[in-house]
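What the coordinates show
So the chains spell out like this:
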Amino acid sequence: QVQLVESGGGLVEPGGSLRLSCAASGFTFSFYAMSWYRQAPGKERELVARIRNDGVVTNYEDSVKGRFTISRDNTKNTVYLQMNSLKPEDTAVYYCHASRIVVYWGQGTQVTVSS
């Protein structure tokens, strides 16, 4: 059974940091590109960051460049998103995504940036 389980979301003040984790199981993690998407209320889901199966980062959404870092540990079947200098506009549900020939989605974790 394929599972992508996100964790690490929560409430943080502007300027703060959070580290999201996504633990994968049920498929060969090291074969898959991994991504983080987010969806804010009333908006479409958007790609935040993507990392290839070999660890090469291929995409960052423009508004997060220099603030967010995606990484992965293929020995732990886990992908991370380090988020620094958080802004209220980063508030969204963040989803983990795996892709190769098929795609898998996690259920999401809420990130709220507010004072």
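It should be noted that the structure appears before, not after, this text.
Residues numbered from 1 in each chain as written. Predicted model: local features only at pLDDT ≥ 70, side-chain atom pairs only at ≥ 80, totals over all residues. Heavy atoms only, no water.

**Some thoughts on unusual backbone geometry**
The phi dihedral of asparagine 77 falls on the positive side, at around 50°, and the residue is not glycine. Under the relative-accessibility criterion, asparagine 77 is labelled partly exposed at 27%. The phi torsion at serine 85 lies on the positive side, around 50°, for a residue other than glycine. As for its placement among the helices and strands, serine 85 is situated in the loop between strand E8 (78-83) and strand E9 (92-99). (Buried < 20%, exposed > 50% of the residue type's maximum accessible area, 1.4 Å probe, protein only. Helix = DSSP H or I, 4+ residues; strand = E, 2+ residues; numbered from the N terminus.)

**Description of the packing of aromatic side chains**
Here the structure, examined in full by the defined rule, presents five aromatic pairs. Look at phenylalanine 27 and tyrosine 104: their rings are 5.1 Å apart centre to centre, the planes differ by 40°, and that puts the pair in the tilted class. Taken as a pair, phenylalanine 27 in the loop between strand E3 (18-25) and strand E4 (33-39) and tyrosine 104 in strand E10 (residues 103-105) lie far apart in primary sequence, 77 residues in all. Connected via pairs of aromatic rings, a cluster forms that spans Phe27, Tyr32 and Tyr104. For arginine 45, the ring lying beneath its charged end belongs to tyrosine 95, and the centroid distance is 3.7 Å. The ring of phenylalanine 29 carries the charged tip of arginine 72 above its face, separated from the ring centre by 4.4 Å. (Phe/Tyr/Trp six-rings, centres within 6.5 Å; stacked < 30°, edge-to-face > 60°. Lys NZ or Arg CZ within 6 Å of the ring centre and 35° of its normal.)

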